[in-house]
2 protein chains.
Amino acid sequence: MLTKNDCTALDAQDQLAALREQFALPDGVIYLDGNSLGARPKKSLERVREVLAQEWGDDLIRSWNKAGWFDLPLRLGDKLAPLVGAGPGEIAVTDTTSLNLFKVLAGALHIQAGKPETAGRRTIVTERSNFPTDVYMAQGLTEWLDRGYRLKLIDSPEELQAAVDSETAVVMLTHVNYRTGYMHDMRAVTAHTHAQGALALWDLAHSAGAVPVDLNRDGADFAVGCTYKYLNGGPGSPAFAWIAPRHQQAFRQPLSGWWSHAAPFKMQPEFAPANGIRRALCGTQPVLSLALVECGLDVFAQTNMAAIRKKSLALTDLFIRLVEQRCADHPLSLATPREHTVRGSQVSFAHPEGYAVMQALIARGVIGDYREPEIMRFGFTPLYTRFVDVWDAVDILADILDGKKYDVSAARDAVT
Amino acid sequence: MLTKNDCTALDAQDQLAALREQFALPDGVIYLDGNSLGARPKKSLERVREVLAQEWGDDLIRSWNKAGWFDLPLRLGDKLAPLVGAGPGEIAVTDTTSLNLFKVLAGALHIQAGKPETAGRRTIVTERSNFPTDVYMAQGLTEWLDRGYRLKLIDSPEELQAAVDSETAVVMLTHVNYRTGYMHDMRAVTAHTHAQGALALWDLAHSAGAVPVDLNRDGADFAVGCTYKYLNGGPGSPAFAWIAPRHQQAFRQPLSGWWSHAAPFKMQPEFAPANGIRRALCGTQPVLSLALVECGLDVFAQTNMAAIRKKSLALTDLFIRLVEQRCADHPLSLATPREHTVRGSQVSFAHPEGYAVMQALIARGVIGDYREPEIMRFGFTPLYTRFVDVWDAVDILADILDGKKYDVSAARDAVT
């Protein structure tokens, strides 16, 4: 049986342990929700003062050039790129994940429509369990295009093999599932997608900064992702879009705002697309929220995704083992794969009273979250989560379950 | 002839003079570019610390409910509403002006397509001199819809009367022109638009907080606008969308992200639109940039648009008069209407070397901006601009012009 001392020993050997000091974490809290909103890098307070007092307050309009505000989406994209196996000039940090998905899905359909051999394809394959906004945006796009595109929703990853066929225009998947933490094999799925003549679009919301991703090596076509989860960019910080270099020339998307114009300051009345990844831009970006993305990325520059992955698996393995060891008498069922190759950086357990149990955990300072139906989600962020945190979290969970210290009549708030 | 003493006397009588203290303005700068990026409310530094340190840092994910992050777009919309003649539940502060224009233009076309008497209309009337991103977004939308919609670009406001006809689906105009400061008669244009069976969509980027606007009284159908210009929300702060209450029930738009879902946390795989102005939302918003919009709006709560308009006209009148008095020997031509009823809160002068002259002004601390071709733009923000600033700005302009103290070979930077 593992003990708390074993966990303390793991922390003592942890190569990433020192990075925790770079985050502002409240006392009395074990934060296991970095998969929803990452913790605050301490440096962000100094940086936001600089953007506010100096760049906005003193330099005012001059900061568009002087402070590089106008170039932030691409500069931050280049800084993010190594974390997902992308190169320079391939990522823009901009807008929201929903909007970026709309852009790259539109771009993918446009490219398919432009080739005689794929022009007739009308199916977009995705999962019913995909994060809903991805499905909603695809529904919005296809309904408005009104050209016969339809979503084919599959109910398990095993169906992918058969679902992707000669009718498929695009396969649109979230790499790591938000509820279960199941991780697709990006290389294999992309290869199968290409073999069927379709394009592969990946949502990295629960992957970027959480698991190693290699978009170029795995042959992906398009990707989007989030900066406010594992990348610790701040609440609602702008998302990102990636376009494979081989598609940039043909890429077009309908949200053709002035930031994607070839000559935005010439103020011409005709749209002409910029070259490269600027085509994924649209309008003026929220500079303050955008600038803080850099503070999160700067922490990653001090380590690498292999080290992060190693600790992530150790943390999630430990959590699963301790929960099964100490809560065996309770109706918990593991929703996350045990197999490392298909597990992201979270662990989800279903419990019939999952909502009430999670509320009790939060009241005791163990912050995870709840997703319908029955799922208690625990995210593990190797940059600031300790092995002893895992012990303490399970200790509190066991106490709540053993003592039935949860209120099944608790009202359900909105939880993001 | 006016003297500097006359300007000092005007400041002494100015009812709004005390509000200047609420803005952080750098020493040695006369800031006449609030029409591009508003100055920083001093309170924003304290507010951003609160959002960062407490709401994000300490309360983490709980702030979506506890700090009301999720409700910010509508709460700020209600606070902005009185400035543009809107009611509660009619405005969402969200995304960018470009994106909001895309949404409401799509919504307007959808409503027109749904009525037998207007379903066949395919023309969107706008101005060639409209801010380019509005035209680009309309081009993007109509090209992708591929249903025969076409933009009819007019070259002067006088053409509106004839251009709007039984083929017109939507009239899409920027209320105050970004280059010239020309202001449309919203009530008359909307009435003519309605008489022809079309819908009126107004971009208030250079109107909100600058001139009195009364969307409901004037019968407008849709509007969008910017919060980082005259509303002083901060660089790139989220924009706003307004939907007339009578259109909210029928309103649909293709950017159907989870924030516009009727039950966003039920995680259903089918999109179902929320009621009311939430239909204009899409994805997760940049909280930090969004929260600071409130600091700008709080200054407006201490005065009213009638007082702001009175001072705005006095400032622009004074500037025109002083420039014409002191720079009469130079090839300056006024691009802004003299008539109050059609003037916004800026003054633009064309000069053959406008770019170089503006660079010289900026180097001397008089910050306006330049717009192709030849236009020097000066924005007047009554909340923090003094009459003596107008005097000093013209004094420096006259010195630059009289001494030819500008470098016509100056390289052209991107200027937003």
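Conventions used here
Residues numbered from 1 in each chain as written. Chains lettered and ligands numbered in written order. Predicted model: local features only at pLDDT ≥ 70, side-chain atom pairs only at ≥ 80, totals over all residues. Heavy atoms only, no water. Helix = DSSP H or I, 4+ residues; strand = E, 2+ residues; numbered from the N terminus. Rg over C-alpha atoms; globule rule 2.2 N^0.38 Å. Buried < 20%, exposed > 50% of the residue type's maximum accessible area, 1.4 Å probe, protein only. Domains from an automatic or database assignment. Contact = heavy atoms within 4.5 Å. Buried area = accessible area lost by both parts, 1.4 Å probe. Salt bridge = Lys/Arg side-chain N within 4 Å of Asp/Glu carboxyl O. Polar contact = N/O pair within 3.5 Å; in protein donor to acceptor, adjacent residues only side chain to side chain. Least-squares fit on C-alpha atoms with pLDDT ≥ 70 in both. UniProt positions renumbered as here; feature names shortened; annotations may be inferred. Expected span 1.5 Å × (residues − 1). Nonpolar A, V, L, I, M, F, W, Y, C, P; charged D, E, K, R; others polar. Pairing = 2+ DSSP bridges. Axes fitted to C-alpha atoms, helices over the stretch in contact; angles between N-to-C directions. Parallel < 35°, antiparallel > 145°, perpendicular 65-115°, else oblique.

It is worth spelling out the overall build of chain A at this point. Summing up its helical and strand segments, chain A has 14 helices and 15 strands in all. Here the C-alpha radius of gyration of chain A, 22 Å, is about what a compact globule of 416 residues would show, namely 22 Å. Reported as C-alpha extents along the three principal axes, the dimensions of chain A are approximately 65 × 60 × 40 Å. Considering chain A as a whole, with its 416 residues, one finds that 66% of them fall into the buried category.

Another aspect to go through is the domain arrangement of chain A. All names here are of chain A. Assigned domains within chain A: domain 1 (4-42 + 304-403) and domain 2 (68-301). Across the boundary between the two partners, domain 1 contributes 36 residues, which contact 24 residues of domain 2. Contact between domain 1 and domain 2 buries roughly 2300 Å² in total, counting both sides, with carbon and sulfur atoms accounting for 61%. Counting the contacts that link domain 1 with domain 2 gives zero salt bridges. Inspection of the domain 1/domain 2 interface yields 13 residue pairs in polar contact (both at pLDDT 80 or more).

What follows concerns the relation of the copies chain B and chain A. Superposition of chain B onto chain A requires a rotation of 180° combined with a translation of 0.0 Å along the rotation axis, giving an RMSD of 0.0 Å. Taken together, the rotation and translation describe the operation of a two-fold axis. In this assembly the copies share their binding face: 100% of the residues contributing to the interface of chain B also contribute to that of chain A.

Time to look at the UniProt feature "binding site: pyridoxal 5'-phosphate" (unreviewed entry) in chain A. All names here are of chain A. Here the UniProt feature "binding site: pyridoxal 5'-phosphate" (unreviewed entry) sits at T97, S98, F131, P132, T133, D134, T174, D203, H206, Y228, W258 and T284. A stretch of 188 residues holds the annotated residues, and the largest C-alpha distance among them is 30.2 Å, long enough that they do not meet in one place. Note that D134 resides in helix α6 (residues 132-145). The exposure class assigned to D134 is buried, which follows from its relative accessible area of 1%.

This part covers α6 of chain A. Residue and element names in this part refer to chain A. The end-to-end C-alpha distance of α6 is 20 Å, a good match for the 20 Å that 14 residues give at a rise of 1.5 Å each. α6 sits mainly inside the fold: 13 of its 14 residues count as buried. Taken from the residues just after α6, D146 is the one with a positive phi, measuring 55°.

What follows deals with the interface of chain B and chain A. Note on interface size: it is often stated as the accessible area lost on association of the parts. Across the boundary between the two partners, chain B contributes 88 residues, which contact 89 residues of chain A. Summed over both sides, the interface between chain B and chain A buries roughly 7700 Å², with carbon and sulfur atoms accounting for 71% of that surface. For the chain B face of the interface with chain A, the top three residues by lost area are W56, Y136 and W144 of chain B, together amounting to 12%. There are zero salt bridges connecting chain B and chain A. The interface formed by chain B and chain A holds 23 residue pairs in polar contact (both at pLDDT 80 or more) in total. Of all the elements, helix α6 (residues 132-145) of chain B adds the most residues to the side of chain B that touches chain A, at eleven residues. Residue composition of the side of chain B that touches chain A, by class: 47 nonpolar, 26 polar and 15 charged.

Let's shift gears to the environment of Q22 of chain A. All names here are of chain A. With respect to the helices and strands, the residue Q22 is situated in the loop between α1 (4-13) and β1 (23-24). Relative accessible area serves as the criterion here: at 27%, Q22 is assigned to the partly exposed category. Sequence separation of Q22 and P41 is 19 residues, and the distance between their C-alpha atoms is 5.7 Å. In contact with Q22, not counting residues within four places along its chain, are R40, P41, K42, V299 and Q302.

Once that is clear, we can look at the pairing of strand β15 (residues 375-379) of chain B. All names here are of chain B. With five of five residues buried, β15 lies mostly within the body of the structure. The alternating pattern of β15 places I375, R377 and G379 and M376 and F378 on opposite faces, both of which are buried. Two elements, strand β12 (residues 346-350) and β15, share five bridges in a ladder whose sense is antiparallel. The partner of V347 across the bridge, within β15, is F378. In terms of strand pairing, strand β14 (residues 369-371) meets β15 through three bridges, oriented antiparallel. The partner of D369 across the bridge, within β15, is R377. Taking the residues that link successive antiparallel strands as the turn, the β14-β15 hairpin has three residues, and the phi of E374 there is positive, at about 75°.

Another point: the pattern of salt bridges. Residue and element names in this part refer to chain A. Per the counting criterion, the structure on display carries 51 salt bridges over all chains. For K152, the salt bridge is made with D165, and the minimal N-O distance between the two is 3.5 Å. Pair noted here: K152 is in strand β6 (residues 150-154) and D165 is in the loop between α7 (160-163) and β7 (168-174), with a separation of 13 residues, a long-range link. Here K152 falls in the partly exposed class, since its relative accessible area comes to 29%. Through salt bridges with shared partners, a single network forms among K43, R75, K79, E294 and D298.

Let us now look at the UniProt feature "modified residue: N6-(pyridoxal phosphate)lysine" (unreviewed entry) in chain A. Residues and elements named next belong to chain A. Mapped onto this numbering, the UniProt entry gives "modified residue: N6-(pyridoxal phosphate)lysine" (unreviewed entry) at K229. Of note, K229 is situated in the loop between β9 (222-225) and β10 (240-243). Those residues in contact with K229 that sit more than four places away from it in its chain are G34, N35, S36, L37, G38, A205 and H206. A distance of 3.3 Å separates a polar atom in the side chain of K229 from the backbone oxygen of N35.

Attention now goes to the pairing of strand β12 (residues 346-350) of chain A. Residue and element names in this part refer to chain A. In terms of residue burial, β12 counts as a mostly covered element, since five of its five residues are buried. Of the two faces of β12, the one holding Q346, S348 and A350 and the one holding V347 and F349 are both buried throughout. Two elements, strand β11 (residues 333-334) and β12, share two bridges in a ladder whose sense is antiparallel. Residue pairing across strands places S333 opposite A350, the latter belonging to β12.

All names here are of chain B. Contact geometry of helix α1 (residues 4-13) with helix α14 (residues 387-402) gives a least axis separation of 7 Å together with a crossing angle of 155°. Judged by the inter-axis angle, α1 sits roughly antiparallel to α14. Where α1 abuts α14, its residues K4, C7, T8, L10 and D11 lie against F387, V388, W391 and D392. Of the residues assigned to the contact of α1 with α14, the class counts are five nonpolar, one polar and three charged.

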